[in-house]
Amino acid sequence: MKKILAIVMALVFALTVTVAFAQQPATKPAEPAKKAEPAKPAEPAKKAEKPAKKEKVKQITGEVTAVDTVGKTITVKSKKQELTVAVTDEQIKDVKAGDKVVVKYTEKDGKATAKSVKKVAAKAEKKEVKKEEKKAEKKEAKPAEKKQ
């Protein structure tokens, strides 16, 4: 009797489990997995955060008309314009009024800031020296020709 009772209980359990699974709603067939979309690169910042513009380097060649060691500026006068440029102690140390210079600078907010200041020998001075040397050579050559 115990055997029959165990078999009946096993059948009841099996039927209960079968009925329980049968009552679940029918599931839709599994949809194929969606393809993963490629990751989009992060959008660049809007125009509110513009990248800094590359500063354009300008150049002026002329004569130094003023040197302000306290304010750290020099004023350079060229054929076209006169410009006051902010300089560093290193750039201003050998410059004095009357020197011929080439200044490379950038402008920001209407203020010119020197990137480099180089003294140049005036072309006119070089030409004068060469002319004087040629004259001296000619004078030396003439007396030697007359003696012969």
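Before reading further, recall that the structure is shown in the block above.
Presented here is an overview of the structure given in this document.

Analysis parameters
- Residues numbered from 1 in each chain as written.
- Predicted model: local features only at pLDDT ≥ 70, side-chain atom pairs only at ≥ 80, totals over all residues.
- Heavy atoms only, no water.
- Helix = DSSP H or I, 4+ residues; strand = E, 2+ residues; numbered from the N terminus.
- Buried < 20%, exposed > 50% of the residue type's maximum accessible area, 1.4 Å probe, protein only.
- Contact = heavy atoms within 4.5 Å.
- Pairing = 2+ DSSP bridges.
- Axes fitted to C-alpha atoms, helices over the stretch in contact; angles between N-to-C directions.
- Patch = residues over 30% accessible without salt bridge, like charges linked within 9 Å, V, L, I, M, F, W, Y side chains within 5 Å.
- Areas by Shrake-Rupley, 256 points an atom, 1.4 Å probe, with all protein chains shown as cover.
- Salt bridge = Lys/Arg side-chain N within 4 Å of Asp/Glu carboxyl O.

## A few points about the side chain of Ser 116
Now for step 1: Inspection of the secondary structure assignment puts Ser 116 in strand β5 (residues 111-119).
Now for step 2: A relative accessible area of 19% places Ser 116 in the buried class.
Now for step 3: Here Ser 116 is in contact with Gln 91, Val 102, Val 103 and Lys 104, once residues within four sequence places are set aside.

## Quick word on the pairing of strand β3 (residues 82-86)
Now for step 1: Bridging between strand β2 (residues 73-77) and β3 involves 5 bridges; their strand directions are antiparallel. Along β3, the bridge assignment pairs Ile 74 with Val 85.
Now for step 2: The turn linking β2 back onto β3 is made up of 4 residues.
Now for step 3: Direction of pairing for β3 relative to β5: parallel, over a ladder of 2 bridges. Across the sheet, Ala 86 pairs through a bridge with Thr 113, a residue of β5.

## Observations concerning the sheet that holds strand β4 (residues 100-108)
Now for step 1: With respect to topology, 5 strands assemble into a closed barrel ordered β1-β2-β3-β5-β4, the strand pairing being mixed. Pairs of neighbouring strands in the sheet enclose a mean axial angle of 55°, with direction left out of account.
Now for step 2: Both strand β1 (residues 58-68) and β2 contribute to a ladder of 5 bridges, which runs antiparallel. The partner of Glu 63 across the bridge, within β2, is Lys 77.

## Description of the environment of Gln 59
Now for step 1: In this structure, Gln 59 sits in strand β1.
Now for step 2: Along the primary structure Gln 59 and Val 117 are separated by 58 residues, whereas in three dimensions their C-alpha atoms are 9.9 Å apart.

## Observations concerning a nonpolar patch on the surface
Now for step 1: A cluster of nonpolar side chains, contributed by Ile 4, Val 8 and Val 12, occupies part of the molecular surface with about 260 Å² of accessible area.
Now for step 2: When its relative accessible area of 57% is taken as the criterion, Ile 4 is described as exposed.

## Considering unusual backbone geometry
Now for step 1: Unusually for a residue other than glycine, Lys 72 sits at a positive phi of about 55°.
Now for step 2: Its location among the elements puts Lys 72 in the loop between β1 and β2.
Now for step 3: The exposure class assigned to Lys 72 is partly exposed, which follows from its relative accessible area of 33%.

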